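# What the coordinates show
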Amino acid sequence: MNRLSLAATGWVAQQPTGTGWVADHPIGNRLRWSWPEDAAEGEHRILPERILVERAPVDIDVDVGAGIVLGPAAWVPLNLWQHHGDVGLSGLTPVELSLSQLAGGPVQAVRFIYEAWFGSTQALVQAFDVERCVVTRWVQDGELVVLQAPAIDRLTVMRPACVLRQLSTLDLYAPSKLSFDVIAEINLAATGAVAFSAVEPRYPAKPTLYLTRWTELQDAWNAAWAEAPGAVGPNGGPNAWHALQIALAARWEHAVFCGLGFVDGPDNSAPVVDTWHDLLTAPQGVAYRIRDSGEKLAPSNVVYVPGAQASDLVMLPAPAIEQGAVRLGSSGKIHVSWDIAWTGPNPGTIGVEIEETLTIGSNTSTETYGGRGRRELDPPGAGFVHREEEVASHLVAVSARVRPQDGFDRLGLWGPWTSPIVLAIDHHPQPPLLRSATNNGTTTILTQSPPADWVPDALVAAANGTVRISRRIAEPTRLSASVIRAIPSSDFLLVKLGGVTPSDPAAYVGGQIRIGTLSGTVTLVSWPWATVDVPHGDGPTAAVPAGATAELSQSPTHPALFVQVHQQPAKGLPAVVTFPDAMPVATSAQLLEYRAQLVFAGQVGPLGPAVQALRLPATPKVPPPFKVTTLGVDFYHRTVVQLELTKPTPDLLEVWWADGNVSVADFSSRAVPGDAGVRHAEIGTILFDTLSLPVPKKVPRTVTIGVQAVNGADGRSAFLTVVHALPAAP
Amino acid sequence: MDLGALHPISGRQWKLTDEQANAIWPDVCLVVPFGAQVADATNTIVNPVNGESVQGGWTVTSTLLTLQLTDLVQDIKVAGVTAVWAAGPGGDIPALHILGNDPFSWLTPHLDVAGSASTTTYPLRDQWFGAGPAQLFAKPRRFGGLVVAPVEFGVLLAPPLGWLATRVLRAPNAKLSFSYPSGKAIKVDQLWLGVLRGIEEPIEQNLQVDEEVPLVDGWSLALIRIDVGKGTDAVEIPYGGSILFVRYRQRPLTVTTPERITLQPGHYELTLSGVTQAKAPAPEFDDPPDKPWSATQRFWVEHPPSLRPYVRFTTLGDDRLFGPKRGFDPTLPGVGFPAHGDYLPVVRFCVPYVKGMFKNLRLRVDYLDAPNVSQEVDVLANVAGESALPEAAQIWKAAHGGTVPPDDEVFMTSPLPSAGPASFRLSHVPAAGAEFELDSWGVQISRFPNAATHLAWPVTCITRFYRYDGPHDQTACPTIGSPKWKEVARNIFWGRIRAHDLHVHEPERLGPQPKQTDFAESIAGQLLMPIDVIITGMPEEYATPPDDWPLPSALASLAEPLGADAAQRFLLFLWRSKVRLSAQAGAPELADVGDPVESTTIEAVCDGENRPLALWLRTPEPIDWRRVHADMTLRHVNSDTGCPTSYANRHTMALAVRLLPSIDGSGALLVARLGGVPTRLPRGEITLKVAYEPAEPGLVKLRPRTPLPSGHETLSMTFLQPFGQTWPIKPAEGAVGVVPHIPQLVQKRKFGPPEPLPYGKQAVHELVEKLLAEEPTGQ
């Protein structure tokens, strides 16, 4: 049978079940309850028509209790707990304990002293409510551990063995031995139809709700009652029951107006649609529960309230300002965002009021608003809100303070302010695209790609950013290393590399690593360990088998590979950027690689695409005159010649020859090179070569021998030629 | 779809057309360029794939349904057609090579790429369980390609390791299955569970832990192997602890390695067709209709006009004709080194199916001025079993149960009686029809039958040296008489036998000082028992050239390993040595440097003090110096001038030799190195040992007509070097530990009845007789 929960509504399930005596109006013990997810069997709606509120006197020793003052188990006398003695758990990690089997069903609280066995003295304990993990807690050896949730049916301890000493459980839904009396009968069925004045007596204080809002709330109420349980909301949104939950969760007052909350105190006046009697006039130790008058739903859990003033909500520490970022929005304007996150010890804190000071440039403004957000992994009592603004400056600072709010419209005191947090700039602007580059040895000229009308974006402009030009001075280094050990994780890989320690292991940070089919970005190197970022989504990652070889490469845009050669304001960047960049005289073909990047507000943007300037050495001069001496003929009838230049030359030279007496003008088209190729002359003047010259027999022959100078880029001078006579054989 | 053809041997490509003028060769692969690899329903692809990909959630499968090659001339379907997905850098590429049978053979002309090419094998993958809150689940839950179906429930838990962002899974006995999002099963052939273990956490004995990596806080990561036999798509989790990830490998499809076929000349038609199907990711989406595709292309096949693309190498002629060869080769392009007659002319092809095209060939050596030599030879598989297939292709074939057939070759057993230039011709004489030439190239037949004869110099003394003032010739000195072992005492007394002559057989041992343990095997060790006293006597020698004996750096820098610039370095060595080669007044210093000599000789290139800077080994013909390995020993002699008269009581110098070949490779400067330092040579008796390696790594393997016992030719030449100066003696620094001087040994030796010998029971005279038998020329 589905059951009522004397608990909070809305999305937050872990609500306190009740407060102590609240002195502010409406005075008394404040209660609220929620409905189950599904309708009772055979019913077409979730909520019953009438709710009975029951109360029983309980002797609660405020000074003893179970030592628990917060959460579902607050103020429950010790004798109402179920004690199980010491429970040892062992096996494989994690060890598990089924509380359903141990206690006969889910419980709302578990209490034990954790005793570690071998290994670490701390352990991770996780408590489950069917499929949902409701508590995650690190525990220490010897620690008294209390876990609370609306329902806990299973514990896991991430150790292979441990002992839970003096294990106790508390089932607040167990049949109670207390003597309950009905003190109120709430007519839920009437809520949707009655006038505002008819339900006003339910909330014995000055309401914030007024007629128009009540009508809207009634509309939500009636829409829910008209909706079949389990209906799907439009466009993936909340269904009518969920929408009503949200409205009721906003304020306890709303729940009370609708009949889902109640105050047991002296402020209550005569009811119109409900009935109540014998309400408390002063604090008293009592227990409450609610029941469906039609008994289609099981009774709720029991809530224990001490005969004392409810303690004030504990002041929260300064909130954390997280995920702050200044970015360029899609609109082209500066967009800032940040999260404000709070946490506190009281799981009854369902939200906060936030006072926030925002400084944009030199303008400061303050705003107060409520925060109810909660992330999936936030424990009860913690939460966050996400904030976004479009601003005109990249300098944005945020400070805030919060005060807690519980599910009964109570507010705590303001906590301390955070120090102003300057939001970090998260902007990686691309520099202007460059089309071409030239360098004449002293000056570099870079030309923007058409249409050459680049202007800095709003963020860079606001920060008076500059364009920095860098020239590559080194090639990325590479390293091949064996993988000694690999510790995989889902999103990263930790590898221990073998071999000689490279001179600068940090050079590989930001570079790539390949290990078999795995490739990723190196995010940290602390030799011999390297951390590799391995993005993969939901799919698998490539495995790294033992004995693999890792190939690391430095990022081609690593700053160490470049030297800054120029910088100028980004605003008004001309289509052609000219700056001095003196280079030594080129002795061979040389490519100079330039890249631009933006510098702004202490940030350095990514390097843009490379543009290259080709430098060629000067065309060499024509070699000096020379004379030719024949040294003989080899086995293959090739003629060995010696050329002696009249003066030394440092140039590279090559010897060519052509048959007959060939003019300089025709020589290059008719000549063929010698076997020796391009080389320096011995002492600058002597060249030896082997030429396949004709070997005269009876008749002398004439050949033309030429020499040309060649530079390191294969640039060639004109030939200097000599006509050489090959005498006939004697 | 444009279809092409690729000749996997030469890399030549065609676009397939129905034009006879554009006929392809019989052994080409027909190339079908797909956008992605497709599944095979024809059973012709030797390395089939599943042809599946996930595109926007849809599982798309393309399948080849028909693949047919028709001989239009005979109107029959060509049998035995195979196809293969080609391999490329980083894995398979979506190019189907019809008539191919391994993924790598098409890379034969691109060995640089073949070295990095690989076929797609499914890599090992680790499937994690994602970040998020801890939770239990009772229904099957998908993680990537993994589905966990718990028996009762599985649980995902935050791990006890702060740096680990993902959850661990505990699901004992759950069904672990592998599938695409569409539900199509994935077979895995390797499977492990990556589990988190605490200290003393047990693992059942029937589970095999392949690897365990210690983490922190007492935790470790263990890899538990799950036996999946030859492959499965589902297993039961046999482990009840925390699983960090599941490591698996998708099983590749079965691969076969059939023999490939070659086509006969004719007219053909290629037809292929298939279908592409897509399966929706979920039932609420409709599957799109199947999309068929097809292609048909006719083409012609003819024999290649020449065998040149199929020739891998030859031992007769210039091997550079069959592919670029870098480095040392000073010969005339197209001619190559003269071939020695003791080696068979061999032409090796780069495929195993030339015999399928030509069962036999006619090989002919056409001399310019001598009778031709012709021989009909069968095309045979090479007996060494060698294949030109890229290593990756060979490994692939072997790994998939195939064999690598040896490439074909032809060789000529007829002797080549004449020397000189010639043409080497390959032709085919069909059963019907005229002989047609398939290839030819120029060759040079050596006057020498082998390298040993080529390099041999029977003279026992260098008589010519070159100096700054020209060549100098002098009369050969007589050899130093070797003492008779029978007259040990007398020869020792006169200093004609050194201690180490008795102690060491191998002169190489004289580099370092002989150790006492060497004595046991030495003659002296067997003569003198026990050798327990090391007596000072023989002077210690320099380990590296002292004083001004090292070669000047300008010369030393030229004596580097062989390279394309060797001829230049040879000329520069002579030039920088300042020697004159001609006695003729007014002639250039290096006159006649290129002229071949009439017969093999050794001369010296000397400095101003007549000390040889290098020896010049000159022969009448070029020889491939890459195959020549030389070293020399120098035995010091007495008298510092004139002809040597006796051996000095000194250690023999062991010298390494660097070769610096001449312009045409007919000669080489021999530059000696002591302790790695190029050095001038002193007076002495030189023993030059030369080895000629027919199977030099990196070069064409020469095949001797008669197998060489040692695998290579060897030659030892001993001659006097009477020029220059005596090698200096290192000043004594307490010559402890040197080999005893014989006269002193003699004094200690008791002459008389032989004493018991420690090693063997041979009497002294027996040992001497043995020595004499080893050195029959001993005087």
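Keep in mind that what you see is a predicted model, and the values were worked out from it rather than measured. (Residues numbered from 1 in each chain as written. Chains lettered and ligands numbered in written order. Predicted model: local features only at pLDDT ≥ 70, side-chain atom pairs only at ≥ 80, totals over all residues. Heavy atoms only, no water.)

## With respect to the overall build of chain A
The helix and strand inventory of chain A stands at eight helices and 46 strands. Expressed as a percentage of the 730 residues in chain A, the buried residues total 53%. In chain A, the proportion of contacts linking residues at least 24 apart, taken out of those at least 6 apart, comes to 70%. Summed over its atoms, the accessible surface of chain A is roughly 31700 Å², and 54% of this surface lies on carbon and sulfur atoms. (Helix = DSSP H or I, 4+ residues; strand = E, 2+ residues; numbered from the N terminus. Buried < 20%, exposed > 50% of the residue type's maximum accessible area, 1.4 Å probe, protein only. Contact = heavy atoms within 4.5 Å. Areas by Shrake-Rupley, 256 points an atom, 1.4 Å probe, with all protein chains shown as cover.)

## Describing the overall build of chain B
The helix and strand tally for chain B stands at twelve helices and 42 strands. Burial statistics for chain B: of 779 residues in total, 54% are counted as buried. Relative to all contacts within chain B whose residues are 6 or more apart in sequence, the contacts with residues 24 or more apart total 69%.

## Re the state of the cysteines
Residues and elements named next belong to chain B. Under the defined criterion, the tally for this structure stands at one disulfide over all chains. The disulfide bridge from Cys477 ends at Cys643, spanning 1.9 Å between sulfur atoms. Measuring handedness by torsion sign, the sulfur bridge of Cys477 and Cys643 sits at about -80 degrees and is left-handed. Of this pair, Cys477 sits in the loop between strand S34 (470-473) and helix H5 (488-493) while Cys643 is found in the loop between strand S37 (628-635) and strand S38 (653-661), placing the two residues 166 residues apart along the sequence. According to the relative accessible area criterion, Cys477 is buried, its value standing at 3%. On the basis of relative accessible area, Cys643 is assigned to the partly exposed category, the value being 32%. (Disulfide = S-S within 2.5 Å.)

## Focus on unusual backbone geometry
All names here are of chain A. In the segment running from Pro450 into Pro451, the intervening peptide bond is cis, with an omega of 5 degrees. In the segment running from Trp527 into Pro528, the intervening peptide bond is cis, with an omega of 10 degrees. Backbone geometry places Trp75, a non-glycine residue, at a positive phi of 65 degrees.

## Here's the deal with the sheet that holds strand S6 (residues 107-116) of chain A
In a beta sheet, neighbouring strands pair by backbone hydrogen bonds and run either parallel or antiparallel. All names here are of chain A. Taken in spatial order, the four strands make up an open sheet running S4-S11-S6-S9, and their pairing is antiparallel. Looking at which strands have only one partner, the edges of the open sheet turn out to be strand S4 (82-90) and strand S9 (144-152). For this sheet, the mean angle separating the axes of adjacent strands, direction not counted, is 25 degrees. Looking at chain direction, S4 and strand S11 (residues 161-170) are connected through seven bridges and run antiparallel. Counted as the bridge partner of Gly85 is Leu167 from S11. (Pairing = 2+ DSSP bridges. Axes fitted to C-alpha atoms, helices over the stretch in contact; angles between N-to-C directions.)

## Description of the interface of chain A and chain B
Of the residues lining the interface, 60 residues belong to chain A; the matching set on chain B comes to 73 residues. Between chain A and chain B the total buried area reaches about 5100 Å² when both faces are included, carbon and sulfur atoms providing 63% of it. Our count for the contact surface shared by chain A and chain B stands at two salt bridges. Counting the contacts that link chain A with chain B gives 17 residue pairs in polar contact (both at pLDDT 80 or more). Counting only elements with at least two residues in the side of chain A that touches chain B, the list comes to strand S7 (122-129), strand S8 (132-140), strand S10 (154-157), strand S27 (478-488), strand S32 (541-542), strand S39 (626-633), strand S40 (639-645) and strand S44 (686-691) of chain A. (Buried area = accessible area lost by both parts, 1.4 Å probe. Salt bridge = Lys/Arg side-chain N within 4 Å of Asp/Glu carboxyl O. Polar contact = N/O pair within 3.5 Å; in protein donor to acceptor, adjacent residues only side chain to side chain.)

## With respect to a nonpolar patch on the surface
On the surface, A:Trp117, A:Phe118 and B:Ile199 cluster together into a nonpolar patch covering about 260 Å² of accessible area. Tracing the backbone shows A:Phe118 in the loop between S6 and S7. (Patch = residues over 30% accessible without salt bridge, like charges linked within 9 Å, V, L, I, M, F, W, Y side chains within 5 Å.)

## Considerations on the pattern of salt bridges
Residues and elements named next belong to chain B. Applying the stated criterion to the full structure yields 66 salt bridges over all chains. Here Lys730 ties to Glu540 by a salt bridge, and the two come within 3.7 Å at their closest N and O atoms. Taken together, the residues Lys730 in the loop between strand S42 (713-721) and helix H11 (742-748) and Glu540 in the loop between helix H8 (523-527) and helix H9 (553-556) connect sequence positions 190 residues apart. You can call Lys730 partly exposed: its relative accessible area is 22%. Residue classification places Glu540 among the partly exposed positions, given a relative accessible area of 28%. The network of salt bridges with common partners includes Arg362, Arg364, Asp366, Glu376, Arg425, Glu435 and Glu437.

## Comments concerning the nonpolar core
Nonpolar side chains in soluble globular proteins tend to be buried together. In terms of nonpolar packing, the biggest core is built from 65 residues, with B:Leu30, B:Leu69, B:Ile98, B:Phe299, B:Phe349 and B:Phe424 touching the most fellow members. Apart from the residues within four sequence positions on either side, B:Leu69 is in contact with B:Leu30, B:Ile76, B:Lys77, B:Val78, B:Val81, B:Leu99, B:Leu263, B:Tyr268, B:Glu269, B:Leu270 and B:Phe299. Judged by nonpolar contacts, the second largest core, of 45 residues, contains A:Ala190, A:Phe257, A:Val263 and A:Val305. (Core = buried A, V, L, I, M, F, W, Y, C linked by side-chain atoms within 4.5 Å.)

## Some thoughts on the confidence of the model for chain A
The predicted model of chain A averages 89 in pLDDT, with 94% of residues at 70 or higher. Taken together, the stretch residues 7-17 of chain A has pLDDT below 50 and engages in 38 contacts with residues farther than four places along the chain or on a different chain. (pLDDT = per-residue confidence, 0-100.)

## Section: the packing of helix H4 (residues 211-226) of chain A against helix H5 (residues 240-250) of chain A
Residues and elements named next belong to chain A. Contact geometry of H4 with H5 gives a least axis separation of 8 Å together with a crossing angle of 145 degrees. Viewed along their axes, H4 and H5 form a crossing whose handedness is left-handed. Seen from H4, the contacting residues are Leu217, Ala220, Trp221, Ala223, Ala224 and Trp225; seen from H5, they are Ala240, Trp241, Leu244, Ala247 and Leu248. Each residue belonging to the contact of H4 with H5 can be placed in one class, and the counts come to eleven nonpolar, no polar and no charged. (Left-handed = near helix turned anticlockwise from the far one by under 90°. Nonpolar A, V, L, I, M, F, W, Y, C, P; charged D, E, K, R; others polar.)

## Quick notes on the confidence of the model for chain B
All names here are of chain B. On average, residues of chain B score 83 in pLDDT, and 84% of them are at 70 or above. When pLDDT is averaged over each helix and strand of chain B, the minimum, 40, is found for H11 and the maximum, 98, for strand S36 (residues 612-618). For the stretch residues 483-496, pLDDT sits under 50, and the model shows 27 contacts to residues farther than four places along the chain or on other chains. A low-confidence stretch, residues 525-536 (pLDDT under 50), is modelled with 38 contacts involving residues beyond four sequence positions or located in other chains.

## A word on the pairing of strand S39 (residues 667-674) of chain B
All names here are of chain B. Judged by how many residues are buried, S39 sits mostly within the fold: eight of eight residues are covered. The alternating pattern of S39 places Gly667, Leu669, Val671 and Arg673 on one face and Ala668, Leu670, Ala672 and Leu674 on the opposite face, and all of these are buried. Across four bridges, the pairing between S36 and S39 is antiparallel. Its bridge partner being in S39, Trp616 is matched across the sheet by Leu669. Sheet analysis places S38 next to S39, joined by six bridges and oriented antiparallel.

## Points about the sheet that holds strand S35 (residues 576-580) of chain A
Residue and element names in this part refer to chain A. Spatial ordering of the open sheet is given by S24-S25-S35, a layout of three strands whose pairing is antiparallel. Across the chains shown, the open sheet's two edge strands, defined by having one partner strand only, are strand S24 (434-439) and S35. The mean inter-strand angle of the sheet, taken between neighbouring strand axes irrespective of direction, is 15 degrees. Sheet topology places S24 next to strand S25 (residues 443-448); five bridges connect them, and they run antiparallel. From the neighbouring strand, Asn439 faces S25, where its bridge partner is Thr444.

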